[in-house]
Each structure stands twice: as structure tokens, then as C-alpha cells.
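Spelled out from the first residue to the last, the chains are:
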Amino acid sequence: MKANGEKRKIFDAVDLLTEDGAAVAASAPGQRNDGVTMLRIDSIQPFHDHPFHLYEGERLQDMVESVKEHGVLNPVIVRKQGKGYEMLAGHNRMNAAELAGMRAIPAIVKDELADEEAYVYVIETNVIQRSFAELLPTEKAAVMEAHYNKVCCQERRNDIIRELQVLSGVKPSPTSDHNGQKLNSREVVAAEYGFSSSSAARYLRINYLIRPFKDLIDKNKLGLVAAVDLSYLSEDEQKMVWDVADEQGIKLKPPVTDKLHKASGSLTRELIEEIVTGSAAKKKETDGAVRLKLPKVLCDQYFSGMDAEQMTVVVTMALAAWFQKEKSA
């Protein structure tokens with residue numbers, strides 16, 4: 001971090017300070033007199049379906065340095081779960097606090113929160129804090145899915161968003177939907193985020209992928225069209241495809257993923273290998289054939305315009321002539 005550079009904002013969800021604006025620097029667990037509880041970090045688990053990536057690199061280091069200097073300024077939001085707690089808003093702050101050597105972190109505890117309501121906190125805090133355009137593809141997909149079919153009833157969702165807007169210092173909108181409409185169709189979701197209906201449908205399919213494929217999308221190593229094809233495979237089929245592609249270092253592209261999609265429901269590892277590599281790796285060649293690779297320059301020079309059968313004839317004749325010459329010599 002540059003010595004004279006302006007410090008970045010260090011919160012990732014809710015800009016909630018104590019009433020007098022003082023920083024929360026305490027590190028001992030226990031109840032405070034302002035409604036915020038100091039919780040042991042090791043008592044808090046990440047949200048079970050957290051779709052957002054944690055900060056890395058300089059952004060994370062800036063946060064760690066700020067926590068070391070000022071403490072955690074903004075309480076996280078958690079819900080009670082069993083003997084411990086589950087994080088809803090503040091995964092990055094907790095990560096930075098732990099790296100900074102803190103044992104406890106200030107938290108707002110939500111009791112008796114349903115899964116649907118908890119997911120609203122997870123999604124909406126990120127939407128309030130971060131621009132949709134800043135999100136990675138899988139993060140965009142998670143936000144869109146939440147607004148499409150994974151949030152609780154509209155009225156309760158509006159109440160939660162209003163609460164988060166107040167905590168963040170944002171003036172609550174008359175209706176807490178981002179465009180003032182109920183998000184009850186793909187077309188409305190598409191319009192809200194500037195997508196066509198077909199593009200929105202593709203993004204929504206990303207949510208059906210296993211994590212390794214999601215990571216490839218975010219690293220720009222798997223295209224959206226190929227990802228949509230793979231999303232129609234079962235989880236077990238996706239895992240087999242991932243294993244084969246990863247072991248052989250193959251980048252999955254639409255022609256291959258389209259074949260996998262069409263074969264979904266009947267895929268085996270052998271069939272996946274045949275589709276992905278073009279041959280069944282474990283299938284014994286019935287004719288005992290041996291594949292021979294020739295440099296492209298030779299193919300262009302001697303086999304231009306020939307099909308496989310014609311090439312075989314030429315190679316056979318050439319080999320017969322060569323061995324006859326060697327025998328005569």
C-alpha cells in the first residue's frame with residue numbers, strides 16, 4: 001500500500017458505526033452496551049452457500065493493515081446457528097481481522113432467520129455496496145438468481161433491503177426493488193441488469209454448475225455457451241467431465257460440450273473420454289491399429305486433398321518400396 005495514497009473503504013457490506021462514530025477496536029468477546037456483540041471469530045462459520053469471492057492481493061492487504069491500525073469499524077451481521085453463528089454480511093472483514101491476529105469481531109446477531117431471509121442479507125448487502133458491473137460472472141449469476149427465484153416473499157425482502165439501506169447510510173427507496181417492480185419473471189430480471197432475455201437465461205444456468213467450472217468462468221477459461229451446455233449435466237456427470245478435462249489439460253469448447261449436453265443422462269467416464277478426446281482412452285483397438293502423427297508440412301506436401309483411406313494407400317506403397325530397396329541393398 002502506498003504510504004501517501006488514499007485509503008480504500010474497508011467494508012464490503014454494511015457501513016454501520018456506533019452512535020458516536022467511534023471505531024470498534026475492542027477485541028474481547030462479550031456483549032457491549034450499544035447492541036453489538038463481540039463474537040469469537042472461531043465461533044463464526046462462512047455462509048453455507050456464499051457465492052462471492054473473498055478479496056485477494058492488494059485489496060485484502062489494505063483491509064488487513066486498516067484493521068491492525070483502527071480495528072474493525074463496522075460490525076458484521078450473523079445469524080445464530082446451533083452452538084455458533086453463520087456469517088451473512090462481512091466475510092471479508094472477518095478474514096482480514098483473523099489475518100490481523102484478532103480473536104473477536106463486532107457483530108449484529110439475527111435470531112430465528114429463515115434460509116430465504118438469510119440469503120437476502122447475503123445478496124443484497126453486496127448489491128448495495130458494490131456495482132453490479134464489478135461482480136465476476138458467477139457472482140452476477142448468483143445475484144440474478146436470487147432476484148429471480150431464491151428470495152423470500154417480496155414484502156419481507158423489501159423490509160430487509162430497507163434495513164440494510166438505513167444501516168449503510170443510503171436513503172431508502174419508496175420500493176426496495178432496484179427498479180420498483182416485483183422480480184417475478186426472467187424478462188424483468190434481464191431488464192434490470194441490462195441483459196437480453198436470452199443472455200439472462202444463460203447467466204441463470206451458471207448457478208447449476210459445480211464450483212470448479214464456476215471458477216473457470218471467472219478466470220475466463222470457460223465460455224458462457226460451453227458453460228450453459230455443461231449446466232444441463234447432473235452433478236456426478238459434471239464431476240466426471242471435470243476429472244477428464246483436468247487430467248488431460250483440455251479446454252472445453254462448444255462443439256464438445258454440445259455433444260456432452262446431448263448425451264446427458266447416459267454419460268459414463270468412457271463415453272466422456274471418447275467425446276472429449278476424440279477416442280476412448282481405455283477402449284482396446286479391435287484392429288490393433290497404431291496411430292502415427294506426421295508433421296503438418298509433410299502432410300501438406302505429400303497428402304494434400306487426400307482422405308484417410310488414400311493416405312493409407314500411399315503410405316503402404318511408400319513403405320513397401322522403401323523396404324524392398326533396403327532388402328536389395
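To be clear, the structure that these remarks concern was listed above.
Position numbers for residues start from 1 in each chain and track the written sequence from start to end. The predicted origin of the model limits local features to residues at a pLDDT of at least 70 and limits the giving and counting of side-chain atom pairs to 80 or more, whereas totals for whole chains, interfaces and linings rest on all residues. Side-chain descriptors were evaluated using all non-hydrogen atoms of the structure, hydrogens and water having been removed beforehand.

Attention now goes to the nonpolar core. Nonpolar side chains in soluble globular proteins tend to be buried together. Residues Phe213, Leu222, Leu230 and Leu260 are the most contacted members of the largest nonpolar core, which totals 46 residues. At the level of secondary structure, the elements contributing two or more residues to this core comprise β5 (84-89), α3 (115-129), α4 (137-150), α7 (197-206), α8 (211-218), α9 (224-231), α10 (235-248) and α12 (269-277). In terms of residue count, the dominant contributor to this core is α3 (6 residues). What makes two residues a contact is simply this: any of their non-hydrogen atoms within 4.5 Å. Beyond its immediate sequence surroundings of up to four residues, Leu222 is in contact with Phe213, Leu216, Ile217, Ala227, Leu230 and Leu252. By nonpolar core is meant a set of buried Ala, Val, Leu, Ile, Met, Phe, Trp, Tyr and Cys residues that side-chain atoms within 4.5 Å join together. Remark: exposure states derive from per-residue accessible area (1.4 Å probe, protein chains only) relative to the maximum for the residue type, with buried under 20%, exposed over 50%, and partly exposed in between. If you look at the next biggest cluster of nonpolar residues, it comprises 19 residues, including Ile41, Val72, Tyr85 and Met87. We count a stretch as a helix when DSSP gives it H or I for four or more residues in a row; a strand needs E for two or more, and each element gets its number in order from the N terminus.

In this section: the pairing of β5. A large share of β5 lies buried, amounting to 6 of its 6 residues. By the convention used here, strands pair only if DSSP detects at least 2 bridges between them. Of the strand pairs in this sheet, strand β3 (residues 44-45) and β5 are connected by 2 bridges, and their pairing is parallel. When the sheet's bridge partners are listed, Gln45 is paired in β5 with Glu86. With 5 bridges joining them, strand β4 (residues 76-81) and β5 adopt antiparallel strand pairing.

Our focus in this paragraph is the packing of α8 against α10. To obtain each axis, a line is fitted to C-alpha atoms, and for helices this fit is confined to the stretch in contact; angles are then taken between N-to-C directions over 0 to 180 degrees. The contact between α8 and α10 brings their axes to 9 Å, and the two run at 60 degrees. What the angle tells us is that α8 and α10 run oblique. Between α8 and α10, the residues in contact are Pro212, Phe213 and Leu216 and Gln238, Val241 and Trp242, respectively. Basically, the charged four are Asp, Glu, Lys and Arg, the nonpolar ten are Ala, Val, Leu, Ile, Met, Phe, Trp, Tyr, Cys and Pro, and anything else, Gly included, counts as polar. Of the residues assigned to the contact of α8 with α10, the class counts are 5 nonpolar, 1 polar and no charged. Should an angle fall under 35 degrees it is called roughly parallel, over 145 degrees roughly antiparallel, and 65 to 115 degrees roughly perpendicular, with every other angle called oblique.

Time to look at the side chain of Arg205. Tracing the chain through its elements places Arg205 in helix α7. Buried charge without a partner: Arg205 forms no salt bridge, and the closest opposite charge is Glu145, 9.0 Å away. Excluding its chain neighbours within four sequence positions, the residues that come into contact with Arg205 are Val228, Ser231 and Tyr232. Counting rule for charge: Lys and Arg are taken as positive, Asp and Glu as negative, and neither His nor the chain ends is counted. Basic side-chain nitrogens of Lys or Arg form a salt bridge, by our definition, when they fall within 4 Å of a carboxyl oxygen of Asp or Glu.

With respect to burial, strand β6 (residues 104-110) is a largely interior element, 6 of its 7 residues being buried. The pairing of strand β2 (residues 37-40) with β6 spans 4 bridges and is antiparallel. Of the residues in β6, the one forming a bridge with Leu39 is Ile105. Across 4 bridges, β4 lies against β6 in parallel orientation. Across the sheet, the residue bridging to Ile77 is Ile108, located in β6.

Treat this as a map of the structure, not an account of what it does.
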